[in-house]
Amino acid sequence: MKFTRWTPPLLLLIVLVLCILMLSYPQASWIAGTRGLSIWWNVLFPSLFPFFVISEVMLGFGIVHFLGKLLDPLMKPLFRIPGSGGFVAAMGFASGYPVSAKLATKLREQGLVSRVEGERLVAFTTSSDPIFLIGAVSVGFFSDPKLAGILAVAHYGSAIFVGICLRFYGGSNETPQQTMKQKFDKSNAKSDARSFSLRAAVKAMHDARVADGRSLGELLQQAITSSLQLMAVVGGLVVFFSVILEVLTVSNAMSILYHGIRLLLHVLSLPPELAEPFVGGLFEVTLGAKAAAAPAGVPLVFKAAAAAFILSWGGLSVHAQVASILNGADLRYLPFLFARIFHSVVSTIFVFLLWEPLGIHLPAFIPSFLMTRSDSAWSMWPDLLTVSLIIISSMLIVSLLIRIIHLMIFRR
């Protein structure tokens, strides 16, 4: 109660301090603002906007419901999430933060997931996109393609591990909340979680399309409008945090934080030179990942581990984007925060564990187009779409195999 009472004055004080700093360093604020706007326009807008529009159209046409029925055998036993969450996972892993938060809230609005299931879904599917992780970070920042495999396995492998651990979040008595808007058949609602039926999937898609009822033109118009609104919020947050980080840096206000991080790294027997990447990554993932490759004299394994930590944390900018999206539904931010911390720690541990046995062998299995660095994502979103299709296809194959194994075991 006391904390709630003091929250508005503290926020007002923080805002006043930031305004004073921005007025004191106008040139630095302007440069940081234009840099943040450039990141939004050249990287975030082209890589996120098409996914937002396509995803909403697929929801309206019932394609997500179709995929959900086919992915039930994989998602429900492994993550305790309906199969429709598999679509969110594929799009989130392929296109990066904060796509999964947007899609999870859409599923929640349609009643396809419960509140706890939606929180699980956002918590482990929020990740970096592979083109940024491999092309920008490994090839661009580190100039070392050998890092691509180890960073990809550590980042996405730890995300899946976090998802498996989160299946225990929410208790054992949770029952999925069925949608009130869609008129699904009762037999479909009671179907076996491990069923893989094309007939049931087609019926679910048809029922969802009938329940939606919007024409293609209306569906596209609403999808574009809502996606543009969200992109405006994302852009504003990116510019805001870019300016805040810059004015705190030039005013030497970050020196206290740098000193504290150095002490913590010393206690953990880690190179203190990594303090700057961790502080930068605390606010913005691109700045932190780029700074992780800079310290000279630091062993490469420590710099890779720092990059993995920063990529999994996502930066306060991403946290603010996700929090603003979750605010539109009844999904809570706190589980997401704990999951980001857990994901960061686990991905760092994965780098150290896999460095010797796998570090130099994995890049050969990565598609060549992901190894190409591009400063603009305008020409890269078809590749992101290709990655999402590959992920969905792989998940469908695994789901089918689980169904076949299930039938073989229980028919004996």
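Residues numbered from 1 in each chain as written. Predicted model: local features only at pLDDT ≥ 70, side-chain atom pairs only at ≥ 80, totals over all residues. Heavy atoms only, no water.

### A short note on the overall build of the protein
The condition is simple: Secondary structure follows DSSP: runs of H or I at least 4 residues long count as helices, runs of E at least 2 residues long count as strands, and numbering of each begins at the N terminus. Residues are treated as being in contact if the distance between any of their heavy atoms lies within 4.5 Å. All accessible areas in this document rest on Shrake-Rupley with a 1.4 Å probe, and a residue is counted as covered only by the protein chains that are shown.
A count of helices and strands for the protein gives 18 helices and zero strands. Within the protein, counting contacts between residues at least 6 apart in sequence, those at least 24 apart form 80% of the total. For the protein, the computed accessible surface area is about 19,600 Å², with 69% contributed by carbon and sulfur atoms.

### So, helix 15 (residues 300–313)
The criterion, for reference: Here a helix's expected span is defined as the number of its residues, less one, multiplied by 1.5 Å. The cut-offs for exposure are 20% and 50% of the maximum accessible area for each residue type, with area from a 1.4 Å probe on protein chains only; residues under the lower value are buried, those over the upper are exposed, and the others partly exposed.
An ideal rise of 1.5 Å per residue puts 20 Å on 14 residues; helix 15 measures up with 20 Å between its terminal C-alpha atoms. The buried fraction of helix 15 amounts to eleven of the 14 residues, a majority that puts the element mostly inside the structure. Buried within helix 15 we find Val301, Lys303, Ala304, Ala305, Ala306, Ala307, Ala308, Ile310, Leu311, Ser312 and Trp313. As for helix 15, its buried residues are in contact with helix 7 (130–141), helix 8 (147–166), helix 13 (275–283), helix 14 (285–292), helix 16 (315–326) and helix 17 (334–358). Gly314 sits one or two positions beyond helix 15 and adopts a positive phi of about 95 degrees.

### A word on the UniProt feature "transmembrane region" (unreviewed entry) in the protein
Counted only if it meets this: UniProt positions are given in the numbering used here, feature names are shortened, and annotations may be inferred rather than shown by experiment.
The feature "transmembrane region" (unreviewed entry), as annotated in UniProt, sits at residues 44–67, 79–101, 121–142, 149–170, 228–248, 292–316, 337–355 and 384–405 in this numbering. A helix fraction of 82% and a strand fraction of 0% characterise residues 149–170, whose end C-alpha atoms lie 33 Å from each other.

### Thoughts on the environment of Ser24
With respect to the helices, strands and loops of the structure, Ser24 is situated in helix 1 (residues 2–24). The class for Ser24 is partly exposed, based on a relative accessible area of 45%. The spatial distance from the C-alpha of Ser24 to the C-alpha of Ser251 is 8.9 Å, given a sequence separation of 227 residues.

### Section: the environment of Ala201
On the secondary structure map, Ala201 appears in helix 10 (residues 198–212). In sequence terms Ala201 and His65 are 136 residues apart; their C-alpha atoms lie 7.1 Å from each other. Once residues within four sequence positions are removed from consideration, Ala201 is found in contact with Phe66, Lys69 and Leu70.

### Focus: the side chain of His155
Topologically, His155 is positioned in helix 8. A residue is classified by how much of its surface remains accessible, and His155, at 0% relative accessible area, is buried. Leaving out residues up to four positions away in the same chain, His155 has contacts with Ser127, Ser128, Leu133, Leu311, Ser312 and His343.

### As for a nonpolar patch on the surface
Where we set the bar: Every patch collects residues that have over 30% relative accessible area and no salt bridge, joining them within 9 Å if they carry like charges and within 5 Å if they are nonpolar side chains (Val, Leu, Ile, Met, Phe, Trp, Tyr). Salt bridge, as used here, is a side-chain nitrogen of Lys or Arg placed within 4 Å of a carboxyl oxygen of Asp or Glu.
A cluster of nonpolar side chains, namely Ile397, Leu400, Leu401, Ile404, Ile405, Met408 and Ile409, defines an oily patch on the protein surface of about 640 Å² accessible area. Of note, Leu401 is situated in helix 18 (residues 381–410).

### Quick notes on the packing of aromatic side chains
Applied cut-off: Two rings from Phe, Tyr or Trp (for Trp, the six-membered ring) form a pair when their centres sit within 6.5 Å of each other. Planes less than 30 degrees apart are called stacked, planes more than 60 degrees apart edge-to-face, and all others tilted. A positively charged side chain is recorded as over a ring if its NZ (Lys) or CZ (Arg) lies within 6 Å of the ring centre. The angle to the ring normal must also be within 35 degrees.
If you walk through the whole model with that rule in mind, you get 13 aromatic pairs. Ring geometry for Phe132 and Phe141: centres 6.4 Å apart, planes at 80 degrees, overall edge-to-face. The exposure class assigned to Phe132 is buried, which follows from its relative accessible area of 13%. Centroid distance Phe302 to Phe352: 5.7 Å. Interplanar angle 65 degrees. Geometry classified as edge-to-face. Taken as a pair, Phe302 in helix 15 and Phe352 in helix 17 lie far apart in primary sequence, 50 residues in all. Relative accessible area serves as the criterion here: at 22%, Phe302 is assigned to the partly exposed category. Taken together, Trp40, Trp41, Phe45 and Phe49 form an aromatic cluster joined through their ring pairs. A cation sits over an aromatic face here: Arg167 above Phe168, 5.5 Å from the ring centre.

### Here's the deal with the nonpolar core
Inclusion rule: Among buried residues, the Ala, Val, Leu, Ile, Met, Phe, Trp, Tyr and Cys ones that are joined through side-chain atoms within 4.5 Å form a nonpolar core.
With 107 residues, the main nonpolar core has Phe87, Leu107, Val122, Phe124, Val137, Phe142 and Leu151 as its most contacted residues. Filtering out sequence-adjacent residues up to four positions away, Val137 remains in contact with Phe132, Phe142, Leu151, Ala289 and Leu311.

### Structural notes on the confidence of the model for the protein
To keep it simple, the criterion reads: The predictor attaches a confidence to each residue, called pLDDT, with possible values from 0 through 100.
The predicted model of the protein has a mean per-residue pLDDT of 83, with 86% of residues at 70 or higher. The low-confidence segment residues 175–193, where pLDDT is below 50, has 34 contacts with residues more than four positions distant or belonging to other chains.

### Digging into the packing of helix 2 (residues 26–60) against helix 5 (residues 99–109)
The test is simple: The axes are straight lines fitted to the C-alpha atoms, using for helices just the contacting stretch, and the angles between their N-to-C directions are given from 0 to 180°. Oblique is the label for any angle not under 35 degrees, not over 145, and not in the 65 to 115 range, which are roughly parallel, roughly antiparallel and roughly perpendicular in turn. When the near helix sits turned anticlockwise from the far one by under a right angle, the crossing is termed left-handed; a clockwise turn instead gives a right-handed crossing. Amino acids are sorted into nonpolar (Ala, Val, Leu, Ile, Met, Phe, Trp, Tyr, Cys and Pro), charged (Asp, Glu, Lys and Arg) and polar (every other residue, Gly among them).
Interaxial distance between helix 2 and helix 5 falls to 10 Å at its minimum, and their mutual angle equals 20 degrees. When the interaxial angle is binned, helix 2 and helix 5 end up roughly parallel. In terms of crossing hand, the pair formed by helix 2 and helix 5 is right-handed. Two secondary-structure elements touch here, helix 2 through Leu48, Phe51, Phe52, Ser55, Glu56 and Leu59 and helix 5 through Val99, Lys102, Leu103, Lys106 and Leu107. For the contact of helix 2 with helix 5, the residue count by class is seven nonpolar, one polar and three charged.

### Some remarks on helix 2
In plain terms, the rule: Across the chain, bend at a residue is computed as the angle between axes fitted to the seven residues ending at that point and the seven starting from it.
Of all the bends in helix 2, the largest measures some 50 degrees and sits at Leu44, one to four residues before the proline Pro46. The positive-phi residue at the C-terminal boundary of helix 2 is Gly62, with phi of around 85 degrees.

### With respect to the pattern of salt bridges
For the structure shown, the criterion picks out eleven salt bridges. In this structure, the salt-bridge partner of Lys106 is Glu56, at a minimum N-O distance of 3.6 Å. Here Lys106 is found in helix 5, whereas its partner Glu56 is found in helix 2, with 50 residues between them in sequence. We classify Glu56 as buried; its relative accessible area is 8%. As a salt-bridge pair, Asp212 and Arg209 come within 3.7 Å of each other at their nearest N and O atoms. In this pair, Asp212 and Arg209 are both assigned in helix 10, three residues apart and thus about one turn of the helix distant. Three or more residues are tied together by salt bridges with common partners; here these are Glu56, Lys102, Lys106 and Glu109.

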